[in-house]
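# Structure at a glance
Below, each chain spelled out in residue letters.
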Amino acid sequence: MKRLFLTALLIVFALYSIAQQTKTYAEKLGWPKGAKVLILHVDDAGMSHDSNDGVEQATSKGVATSTSVMMPCPWVPEIVQYKKEHPDLDAGLHLTLTSEWENYRWGPLAGKANVPGLVDKQGCLYASVAAVYFSATPEEIDKEIRAQLDRALAMGFKPTHLDSHMGTLFAKEAFLDKYLKLGIEKQIPVMFPGGDDLFYRAEAKAATIAEMKRKGTYQEGMEIADPAPLVRTKEVGATLWKNGLPVLDDLHNSSYDWQMPDIEHKTDMEIQKWYTDHYIESIGRLSPGLTMVIMHCTNPTPAFKYICNESQKRKGDLLAMLDPRLKEFLTKNGYILTTWREVMERRIKVGNAE
């Protein structure tokens, strides 16, 4: 029995030693061991003027470091012009395969006839990820994301990375493969959490449990599976790295699910404090590595309510990014802020190093 115990103890220590020796992708990219490196990223540029204003403020006056553009949307020319006037802005493509708002919609850039499985009866992209999952073929997905990249390049906008609106490209393995293939082929970094994803896993499981409790289907102690995008994380991360692209260690995609009580009747000061508190608490739980923190900073005008009912929520993200208290927290605790551009430059520099 004693020998078995000692053997088990040695195995535990060996596994711990291996874990300690495993480098994060941040380390592979040249940052020091234990570094917590953040891309503070704003989604939905180009969706509306208010969205563009939020991006501009969050990145020029606040601590946000990156954004991505929804190429099928009506306010793309404005943000692309801003990008040309501010060439240091880190801007990628928010590859868009859904059009989720009831009265403010957009269609595919590849053309309805070329991607019939992506459009609804209005000729617009489907409103839900589920509809795309059941209707679109991988070939149609490929045509549309390539059309969106083509439009960007035709406008003189070279994206620093690719990511996915509403996570649609992560909904089905065949869709994900088209997304990864495009990034590798064009040597454009793709948003993919290919590391240990400790924060993302924990948040995803907590959200699943909360939803199951709401439905009355959760039983204490029951096993909760990882979300689908995390099933192949290590394998996909290794493939991206092998093909010359950088890889995220983790993903912070939580703020969209935050529910501030009675937010519609709160002042900007109250909203800012609540959102900043939540960013400080959640970022404080991140492990070492390269993490992308996703948000939707918007400076809503009265007209924005006719697009969607999330004016105050999206404003909360913006107010937090502008809050000196968040900047002080990040500085005081040694967080390193970066961009997709810098991440790719570092990936090129390290070359084939493991």
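Up top is the structure these notes are about.
Here goes a summary of the coordinates provided. (Residues numbered from 1 in each chain as written. Predicted model: local features only at pLDDT ≥ 70, side-chain atom pairs only at ≥ 80, totals over all residues. Heavy atoms only, no water.)

## Quick word on the pairing of strand β3 (residues 91-95)
Consecutive side chains along a regular strand alternate between the two faces of the sheet. Quick note on the threshold: Only protein chains enter the accessibility calculation, which uses a 1.4 Å probe; a residue is then buried when its area is under 20% of its type maximum, exposed when over 50%, and partly exposed in between. What counts as a helix is a DSSP run of H or I of at least four residues, what counts as a strand is a run of E of at least two, and both are numbered from the N terminus. Two strands are counted as paired when DSSP detects at least two bridges linking them. Handedness of a crossover is defined as follows: orient the strands so they point away from the viewer, and if the path from the first strand over the helix to the second runs clockwise, the crossover is right-handed.
Burial of β3 is extensive: five of the five residues sit out of reach of the surface. Note: strand β2 (residues 66-69) against β3, three bridges, orientation parallel. Bridge pairing links Ser 68 to Gly 92 in β3. As for the winding sense of the linkage, the β-α-β connection from β2 through helix α4 (residues 76-85) to β3 is right-handed. The pairing of β3 with strand β4 (residues 162-164) spans three bridges and is parallel. Considered in β4, the bridge of Leu 95 is made with Ser 164.

## What to know about helix α7 (residues 173-186)
To keep it simple, the criterion reads: Expected helix span is computed as 1.5 Å times (number of residues minus one). Throughout, a contact is declared for two residues whenever any of their heavy atoms are within 4.5 Å.
In this model α7 runs 20 Å from its N-terminal to its C-terminal C-alpha over 14 residues, within 8% of the 20 Å that 1.5 Å per residue would give. Turning to α7, the residues buried within the fold contact β3, α5 (129-135), α6 (138-154), β4 and α9 (233-242). Following α7 by one or two positions, Gln 187 adopts a phi angle in the positive range, close to 55 degrees.

## What about unusual backbone geometry?
Unlike most non-glycine residues, Met 166 shows phi in positive territory, near 60 degrees. With a phi close to 55 degrees, Gln 187 is a non-glycine residue in the positive phi region.

## Topic: the side chain of Lys 178
This is how it is decided: In this charge count, Lys and Arg are treated as positive and Asp and Glu as negative; neither His nor the chain ends contribute. Each reported salt bridge corresponds to a side-chain nitrogen of Lys or Arg within 4 Å of a carboxyl oxygen of Asp or Glu.
Its place among the elements puts Lys 178 in helix α7. Although Lys 178 is buried, it forms no salt bridge, and the closest oppositely charged side chain is Glu 139 at an N-O distance of 4.7 Å.

## Focus on the layout of surface pockets
Inclusion rule: Using a 1 Å grid laid over the protein atoms alone, points where a 1.4 Å probe fits but cannot get out form a cavity; open sets with protein on both sides within 12 Å along at least 5 of 7 lines form a pocket; any residue with an atom within 4 Å of a point counts as lining. Grid points are joined across faces, edges and corners, and a volume is the space filled by probe spheres set on the points. Nonpolar residues are Ala, Val, Leu, Ile, Met, Phe, Trp, Tyr, Cys and Pro. Charged residues are Asp, Glu, Lys and Arg, and all others, Gly as well, are polar.
By volume, the largest pocket is sized at about 1100 Å³. Residue lining of the largest pocket: 35 residues in total, with Tyr 200, Asn 253, Ser 254, Tyr 256 and Asp 257 positioned closest to the centre. Contributing elements (two or more residues each) for the lining of the largest pocket: β1 (36-45), β4 and α8 (198-215). Ranked by residues supplied to the lining of the largest pocket, first place goes to α8 with seven residues. Taken together, the residues of the lining of the largest pocket break down into 19 nonpolar, eight polar and eight charged. By volume, the second largest pocket is sized at about 480 Å³. Surrounding the second largest pocket, 22 residues form its lining, Thr 22, Lys 23, Thr 24, Asp 196 and Asp 249 being those nearest its centre. Sort the elements by how many residues they give to the lining of the second largest pocket and helix α2 (residues 25-28) lands first, with three residues.

## A word on the pairing of β1
Most of β1 sits inside the fold, with nine of its 10 residues counted as buried. Bridging between β1 and strand β6 (residues 289-295) involves seven bridges; their strand directions are parallel. In the sheet register, Val 37 faces β6, and the bridge partner there is Leu 290. Inspection of the sheet shows β1 paired to strand β7 (residues 336-337) by two bridges, in the parallel sense. Note that in β7 the partner of Leu 38 across the bridge is Leu 337. Across three bridges, the pairing between β1 and β2 is parallel. For His 41, the partnering residue across the bridge sits in β2 and is Ser 66.

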